[in-house]
Amino acid sequence: MIKVTDYQKIETLYYDDISQRKYQKYENKTLEEIYQEKFEKMLGCDLRTLLCSPFDVLLNIKLPEENKDEITEIFNYQGKYQKHISDIFKEHLEIHTCFYCNIDFINIFKATNKKFKSGYTLDHVKNKNEYPHLALSLYNFVPACYICNSKLKKEKDIGDVSPTSSTFDFNKQVTFKTFMQNDNLQIEEPKDFTLLLKEDFTDVYEKYIDVFELDGRYAYHKTKVIEMINKRKSYPDSRIKELAALTQKTHEEVKQDLFGAYLYDADDLHKRPLSKLTRDIAKELGLV
């Protein structure tokens, strides 16, 4: 739902670290050396391309079926790499909410033992059992909440879409919309409307929405929509105009004060839960 935009700043660090991990079983050679000897020709790309290319590029790297077992052993995420990669994310990335659903905070925090822990799990977009050659690829990881990763997605395929893809445009293509159920065309209680995600002109994200049960999960948050509607009733454009004159601020500045500055900056959507929902409804109410 929310696009990942800051992996580029850790690509070099990530590659330099992961590629130099050594294997006693292979005469203490590094992953880079083993890959060059055994897999580079087979996969048709160097190790940096495999580890640090955008998700779109990863989709074009194919692994012959007969080589799955060997590369599964070398690219063993859960054995040699899981904690290490998690530490890289914790130390070098700023993560706030689940990129899949934007419902929960998954931020890093300091535990009582003074160590930093994360509220997220790292999901493999393309699961590591079927795509073992992508088990260590940076752009195949999405920081996600436990619900999205472990209870809903699991090993399911969400198609060729990922928040780490350069073409991921869920925020533009898919919009939260309210559909009123009562005869008076008024929204006062959750039962008065249906809240659904609607995709414009394509069905690229249909499977994504279904796998993460987004319509059902967001129905619980209808009260957030009602709060915004009631606040909008209290502050129509005429009232906002009065406040702008009184405070000597622009109309936009007053709206930011009343409804939240983050609604007006799409780049900040990842910082707060339910921010896409709030922004979409703000557009429907004529606030953005």
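First, a word on scope: everything that follows refers to the structure included in this document. (Residues numbered from 1 in each chain as written. Predicted model: local features only at pLDDT ≥ 70, side-chain atom pairs only at ≥ 80, totals over all residues. Heavy atoms only, no water.)

## Considering the pattern of salt bridges
Tallying each qualifying case throughout the model produces 16 salt bridges. The network of salt bridges with common partners includes Lys83, Asp87 and Lys90. (Salt bridge = Lys/Arg side-chain N within 4 Å of Asp/Glu carboxyl O.)

## As for the packing of aromatic side chains
By convention here, two paired aromatic rings are described through the distance between centres and the angle between planes. For the structure shown, the criterion picks out 17 aromatic pairs. Relative to Tyr139, the ring of Tyr7 lies with its centre 5.3 Å away and its plane at 65°, an arrangement referred to as edge-to-face. A residue pair is termed long-range when its members are at least 10 positions apart, and Tyr7 in the segment before helix H1 (11–18) and Tyr139 in the loop between strand S5 (121–124) and strand S6 (141–144) qualify at 132 residues. In terms of burial, Tyr7 and Tyr139 fall into one category: buried. Where Tyr205 meets Tyr208, the ring centres are 6.4 Å apart and the plane angle is 90°; that geometry is what we call edge-to-face. Members of the aromatic cluster, each reached through a chain of ring pairs, are Tyr100, Phe168, Phe170, Tyr205, Tyr208 and Phe212. Sitting over the ring of Phe259, Lys231 keeps its end group 5.6 Å from the ring centre. (Phe/Tyr/Trp six-rings, centres within 6.5 Å; stacked < 30°, edge-to-face > 60°. Helix = DSSP H or I, 4+ residues; strand = E, 2+ residues; numbered from the N terminus. Buried < 20%, exposed > 50% of the residue type's maximum accessible area, 1.4 Å probe, protein only. Lys NZ or Arg CZ within 6 Å of the ring centre and 35° of its normal.)

## Looking at unusual backbone geometry
Of note in this structure, Glu27 is not a glycine but carries a positive phi near 55°. On the secondary structure map, Glu27 appears in the loop between strand S1 (22–23) and strand S2 (29–30). Overall, Glu27 belongs to the exposed group, its relative accessible area being 66%. With a phi angle near 60°, Gln248 is a residue other than glycine that sits in the positive phi range. Among the secondary structure elements, Gln248 is positioned in the loop between helix H13 (237–247) and helix H14 (251–259).

## Some points on the environment of Gly216
Positionally, Gly216 belongs in helix H11 (residues 214–219). Note on Gly216: relative accessible area 53%, which makes it exposed. Note: C-alpha distance between Gly216 and Asn171 (45 residues apart in sequence) is 18 Å.

## Observations regarding the packing of H13 against H14
Orientation of H13 relative to H14, taken along the N-to-C sense of each, is 105°, at an axis distance of 9 Å. Between H13 and H14, the interaxial angle falls into the category roughly perpendicular. Seen from H13, the contacting residues are Ile240, Lys241, Leu243, Ala244 and Thr247; seen from H14, they are His251, Val254, Lys255 and Leu258. Each residue belonging to the contact of H13 with H14 can be placed in one class, and the counts come to five nonpolar, two polar and two charged. (Axes fitted to C-alpha atoms, helices over the stretch in contact; angles between N-to-C directions. Parallel < 35°, antiparallel > 145°, perpendicular 65-115°, else oblique. Contact = heavy atoms within 4.5 Å. Nonpolar A, V, L, I, M, F, W, Y, C, P; charged D, E, K, R; others polar.)

## Topic: the side chain of Thr175
If you trace the backbone, Thr175 turns up in strand S7 (residues 174–180). A residue is classified by how much of its surface remains accessible, and Thr175, at 17% relative accessible area, is buried.

## A closer look at the side chain of Asp6
Tracing the chain through its elements places Asp6 in the segment before H1. Those residues in contact with Asp6 that sit more than four places away from it in its chain are Leu93 and Glu94.

## A closer look at helix H12 (residues 222–234)
Given a rise of 1.5 Å per residue, 13 residues ought to cover 18 Å, and the 19 Å separating the end C-alpha atoms of H12 matches this to within 8%. Turning to H12, its buried residues are Lys222, Val225, Ile226, Met228, Ile229 and Arg232. The buried side chains of H12 occupy one side of the element, clustering within an arc of 160° when seen end-on. Of the surrounding secondary structure, the elements contacted by the buried residues of H12 are S7, strand S8 (193–199), H11, H13, H14 and helix H15 (275–284). (Expected span 1.5 Å × (residues − 1). Arc of directions from axis to C-beta.)

## Examining a negative patch on the surface
The grouping of Asp203, Glu206, Asp210 and Glu213 at the surface amounts to a negative patch. Relative to the elements of secondary structure, Glu206 occurs in helix H10 (residues 206–211). (Patch = residues over 30% accessible without salt bridge, like charges linked within 9 Å, V, L, I, M, F, W, Y side chains within 5 Å. Areas by Shrake-Rupley, 256 points an atom, 1.4 Å probe, with all protein chains shown as cover. Lys, Arg positive; Asp, Glu negative; His and termini not counted. Charge placed at Lys NZ, Arg CZ, Asp CG, Glu CD.)

## Thoughts on the packing of H12 against H15
With their axes 10 Å apart at the nearest point, H12 and H15 run at an angle of 40° to one another. By the angle class used here, H12 and H15 are oblique. Handedness of the crossing formed by H12 with H15: right-handed. Touching Lys224, Val225 and Met228 of H12 are Leu277, Thr278, Ile281 and Ala282, all from H15. Along the lines of polarity and charge, the residues of the contact of H12 with H15 split into five nonpolar, one polar and one charged. (Left-handed = near helix turned anticlockwise from the far one by under 90°.)

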